[in-house]
Amino acid sequence: MDLEKHRIIKAPPTIYYIPDFINAVEETWILDKVYTAPIPKWTQLLNRRLQNWGGLPIPNGMIVEPIPSWLKTFMDKVSDLKVFNDGQLRANHVLINEYLSGQGIMEKTDDNKISIFLQRRSLIIVKDSMYTDYKHTIRESKEDEIDENVVNAQLSQLSVGDKLQRETRISLTIRHVPKISKIKLKFGK
């Protein structure tokens, strides 16, 4: 896949946005796996629920945990785009967030300069200074209105003034955690 044709040029370096990265069948499969995960896998946060797969990143290095094959499939699909260190690294960690309508992640400032609308089954890749130097937020709302700040409106086939009702959103943050602990946990005999 030629990522350059998916680059959002109206944003600081570098954001790629790929609509329909997965198909409806894959989406249904992912949602089934997410919602049949063991209850202890979920962590309730203030404005969302979270699953952590691959290990818990800590300052001394993530202690690696096995990743289920259903999730590895999509980690490989993202890694095959060569987004982690130009293909030298592979994804090794996934956060799964569930946002109900009206939930989000609020920042303490409101100096956001751009907005990106994320459609179902899409992929956003955030790299370079956009990853390291900018904060992101998900506005707590039950509706999104497309305005001139939505830098991927054209790629999403949306127009200024469109209003979209929010539903429950499941997002998978697939990433490479660089610092891995050499400690391995063993359970049982």
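One can find the structure itself at the top, above this paragraph.
Owing to the predicted nature of the structure, the values given are computational and were not obtained by experimental measurement.

Cut-offs applied
- Residues numbered from 1 in each chain as written.
- Predicted model: local features only at pLDDT ≥ 70, side-chain atom pairs only at ≥ 80, totals over all residues.
- Heavy atoms only, no water.
- Pairing = 2+ DSSP bridges.
- Helix = DSSP H or I, 4+ residues; strand = E, 2+ residues; numbered from the N terminus.
- Axes fitted to C-alpha atoms, helices over the stretch in contact; angles between N-to-C directions.
- Contact = heavy atoms within 4.5 Å.
- Buried < 20%, exposed > 50% of the residue type's maximum accessible area, 1.4 Å probe, protein only.
- Expected span 1.5 Å × (residues − 1).
- Polar contact = N/O pair within 3.5 Å; in protein donor to acceptor, adjacent residues only side chain to side chain.
- Salt bridge = Lys/Arg side-chain N within 4 Å of Asp/Glu carboxyl O.
- Phe/Tyr/Trp six-rings, centres within 6.5 Å; stacked < 30°, edge-to-face > 60°.
- Lys NZ or Arg CZ within 6 Å of the ring centre and 35° of its normal.

### Structural notes on the sheet that holds strand β3 (residues 49–53)
Part 1: On the basis of which strands lie adjacent, the open sheet formed by 4 strands has the order β2-β3-β6-β10 and antiparallel pairing. Whereas interior strands pair on both sides, the edge strands pair on one side only; in this sheet they are β2 (42–44) and β10 (169–175). Recorded for the sheet is a direction-independent mean angle of 25° between the axes of neighbouring strands.
Part 2: Here strand β6 (residues 93–99) pairs with β10 via 7 bridges, running antiparallel. For leucine 95, the partnering residue across the bridge sits in β10 and is threonine 173.
Part 3: On the sheet, helix α1 (residues 24–35) packs against β2, β3, β6 and β10 and is oriented at approximately 90° with respect to β10.

### So, the pairing of β6
Part 1: In terms of residue burial, β6 counts as a mostly covered element, since 7 of its 7 residues are buried.
Part 2: Neither face of β6 is left uncovered, since the one carrying His93, Leu95, Asn97 and Tyr99 and the one carrying Val94, Ile96 and Glu98 both have all their residues buried.
Part 3: Both β3 and β6 contribute to a ladder of 5 bridges, which runs antiparallel. The partner of tryptophan 53 across the bridge, within β6, is valine 94.

### Focus on α1
Part 1: Between the first and last C-alpha of α1 there are 16 Å, a value that for 12 residues agrees with the 16 Å anticipated at 1.5 Å per step.
Part 2: The inward-facing, buried residues of α1 contact β2, β3, α2 (69–79), β6 and β10.
Part 3: Capping the start of α1, asparagine 23 holds a side-chain oxygen 3.0 Å from the backbone nitrogen of valine 25, two or three residues further along.

### Brief notes about the pattern of salt bridges
Part 1: Summed over all chains, the structure comprises 11 salt bridges.
Part 2: Note that glutamate 27 is salt-bridged to arginine 120, the shortest N-O span being 2.8 Å. Of this pair, glutamate 27 sits in helix α1 while arginine 120 is found in the loop between β6 and β7 (123–126), placing the two residues 93 residues apart along the sequence.
Part 3: A relative accessible area of 13% means that glutamate 27 is categorised as buried.

### Some points on the packing of aromatic side chains
Part 1: Using the criterion set out here, one finds 3 aromatic pairs in the structure.
Part 2: Between the aromatic rings of tryptophan 53 and tryptophan 70, the centroid separation amounts to 6.3 Å while the plane-to-plane angle is 80°, which identifies the pairing as edge-to-face. One end of the pair, tryptophan 53, is in strand β3; the other, tryptophan 70, is in helix α2, and 17 residues separate them in sequence.
Part 3: Classification of tryptophan 70 by relative accessible area gives buried; the value is 9%.
Part 4: Just above the ring of phenylalanine 21 sits the side chain of lysine 77; from NZ or CZ to the centre is 4.8 Å.

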